[in-house]
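# Chains, contacts and geometry: an overview
So the chains spell out like this:
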Amino acid sequence: MGALGVALDFRRRNGRGSAIPTAATGDIAFLLLIFFMVTAIFVKETGLVVDLPRAEAGERIKQDLVSNVYINKRGQISIDDMLVSPQDVSALMGQKIAANSGLIVAIKADQETPYRVVSDVMDELKEVSALRVSFNTMPDGNPGRKY
Amino acid sequence: MIMKSRRKKMITGIELVSTSDVAFLLLIFFIVSTAFVLDMGLPLLLPAKESARQVLRIRQSNVATLKVNADNGLTLDGKIIEVDHIKVAIAQRLQAQPQLVVVLETHPDANYGMMVACLDELKLSDARRVSLKTSR
C-alpha cells in the first residue's frame, strides 16, 4: 500500500510541473556573453606589413610560447612593435629566452625579403640559444602555383 | 475601479520577454566575429652554437645539395631543377639512401620565399635531415 501511494503521488507531481523554467535563460546568455567578451584576445602587436610565403606543409604553431619577428621586404625588422637593427635581435631575444626557455621565435618575413636578413637574424638567435624557430607561412590554396 | 488600477500597472511594466533573445543575438555575434589567431609555419630547430665545433662526418655521396642562387634559380647537385620537381627528386633519392642529408644552400641575395618554398617541398618529401646553409 505504502509503495503504491508514493507512486501515485509522484505521477501527480510530474503532471503538475512539466514546464522547464526559462526565466533565467537571459541571465545565462548574458553571463556567457560577458565571459566571451572578457576572454577575447585582441591583437597586441601590429608588426609590419608582410606577404608571407605559401607552404603546403605548414603546421599550426602554438601561440602561447611564440615571439614574433617581422621582417618586411625592405629588410626592416620589428620585434614587439619596435624597429630594431639585426645586431639588436640577440639582446632582445636573450631577455625573452631567459624568461621563457621554451620560446618559439616565429619569423614572419615577406617572401621577397633578401635571404641575407633572415640568415643574419638566425645567426643572432643562435648566439642566445633561441633555437626553436618557425618560418611562418600562409596555407597554400592551390599547390600548383607556388611562389 | 479594480479593473482600472490593474491596467495602469500593466502599462508601466517594461517588456522583458525578449531580453534573452537580444542577449543571445549579441552572444552569437561575438562568437562569430572573434577571429582566432591561427598561425601556420614550418618549425625548425637551429643547431646549437657549440655544435659547430663538433664535426659530423657524412659521406659525400649521402649529401644532396639544393642551391638557391642569387637570381632565385635552383640547382640540385649542380643540375637545374624546378620547385615542383624537388619533392619527387628528393623522395627518389631518399628511397635509395635513407641516410640522405639535404643541404639547402641559399645565396644571401636570393628571395626568402624561394627558400621557404624549397623547405616546404623538402618537408613534403619526408626529408628529415635538412641543413640550412648560406652561401658565402
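The rules behind these values
- Residues numbered from 1 in each chain as written.
- Chains lettered and ligands numbered in written order.
- Predicted model: local features only at pLDDT ≥ 70, side-chain atom pairs only at ≥ 80, totals over all residues.
- Helix = DSSP H or I, 4+ residues; strand = E, 2+ residues; numbered from the N terminus.
- Contact = placed C-beta atoms within 7 Å.
- Buried ≥ 20, exposed ≤ 12 C-beta atoms within 10 Å, placed from the backbone.
- Axes fitted to C-alpha atoms, helices over the stretch in contact; angles between N-to-C directions.
- Parallel < 35°, antiparallel > 145°, perpendicular 65-115°, else oblique.
- Left-handed = near helix turned anticlockwise from the far one by under 90°.
- Nonpolar A, V, L, I, M, F, W, Y, C, P; charged D, E, K, R; others polar.
- Core = buried A, V, L, I, M, F, W, Y, C linked by C-beta atoms within 7 Å.
- Pairing = 2+ DSSP bridges.
- Domains from an automatic or database assignment.

### A look at the overall build of chain B
- Regarding its fold elements, chain B presents 4 helices and 6 strands.
- Helices and strands appear in chain B in the N-to-C order α-α-β-β-β-β-α-β-α-β.
- In chain B, once contacts between residues fewer than 6 apart in sequence are set aside, the share between residues at least 24 apart is 73%.

### Comments concerning the overall build of chain A
- If you tally the helices and strands in chain A, you get 4 helices and 7 strands.
- Its helices and strands in sequence order give chain A the pattern α-α-β-β-β-β-β-α-β-α-β, from N to C terminus.
- Sorting the 147 residues of chain A into buried and exposed places 29% on the buried side.
- Relative to all contacts within chain A whose residues are 6 or more apart in sequence, the contacts with residues 24 or more apart total 78%.

### A look at the packing of helix α2 (residues 25-39) of chain A against helix α2 (residues 19-33) of chain B
- Running from N to C, α2 of chain A and α2 of chain B point in directions that differ by 25 degrees, and their axes come no closer than 8 Å. Our classification of the angle between α2 of chain A and α2 of chain B gives roughly parallel. For α2 of chain A against α2 of chain B, the interelement crossing comes out left-handed. From α2 of chain A, T25, G26, A29, F30, L32, L33, F36 and M37 of chain A reach across to α2 of chain B, where they touch T19, S20, A23, F24, L26, L27, F30 and I31 of chain B.
- The residue inventory of the contact of α2 of chain A with α2 of chain B, partitioned by class, reads 12 nonpolar, 4 polar and no charged.

### Points about unusual backbone geometry
- Positive phi, close to 50 degrees, is recorded for D80 of chain A, a residue that is not glycine.
- With respect to the helices, strands and loops of the structure, D80 of chain A is situated in the loop between β4 (77-79) and β5 (82-84).
- On the basis of neighbour counts, which here come to 14 C-beta atoms within 10 Å, the residue D80 of chain A falls in the partly exposed class.
- Within the chain, D126 of chain B stands out as a residue other than glycine whose phi angle is a positive 70 degrees.

### A word on the nonpolar core
- The biggest cluster of nonpolar side chains holds 44 residues, and the ones touching the most others in it are V105, I107 and V121 of chain A together with M115 and C118 of chain B.
- Setting aside residues up to four positions removed in sequence, M115 of chain B forms contacts with Y115 of chain A together with V68, L104, T106 and A110 of chain B.

### Let's talk about the interface of chain A and chain B
- Contacts between chain A and chain B engage 44 residues on the former and 39 residues on the latter.
- Elements with a minimum of two residues in the side of chain A that touches chain B: α2, β2 (59-60), β6 (104-109), α4 (115-127) and β7 (132-139) of chain A.
- For the side of chain A that touches chain B, the class distribution of residues is 24 nonpolar, 11 polar and 9 charged.
- Relative to strand β1 (residues 40-45) of chain B, β7 of chain A is paired through 6 bridges, and the arrangement is antiparallel. Of the residues in β1 of chain B, the one forming a bridge with F135 of chain A is L42 of chain B.

### Regarding the packing of helix α3 (residues 83-96) of chain B against helix α4 (residues 112-124) of chain B
Residues and elements named next belong to chain B.
- Across the interface, α3 lies against α4 with an axial gap of 8 Å and an inter-helix angle of 30 degrees. Of the possible angle classes, the one that applies to α3 and α4 is roughly parallel. As α3 packs across α4, the resulting crossing turns out to be right-handed. In contact with V83, I86, K87 and I90 of α3, α4 contributes A117, C118, E121, L122 and L124.
- Here the residues of the contact of α3 with α4 are counted per class, giving 7 nonpolar, no polar and 2 charged.

### Description of the domain arrangement of chain B
- Domains assigned within chain B are domain 1 (2-33) and domain 2 (58-134).
- The C-alpha centroid of domain 2 of chain B is placed 66 Å from the C-alpha centroid of domain 1 of chain B.

### Describing the sheet that holds strand β2 (residues 63-68) of chain B
Residues and elements named next belong to chain B.
- The mixed open sheet is built from 5 strands, whose spatial order is β4-β3-β2-β5-β6. At either margin of the open sheet sits one strand with a lone partner, and together these are β4 (79-80) and β6 (130-134).
- Strand direction decides the pairing type here: β2 and strand β3 (residues 74-76), joined by 3 bridges, are antiparallel. In the sheet register, V68 faces β3, and the bridge partner there is L74.

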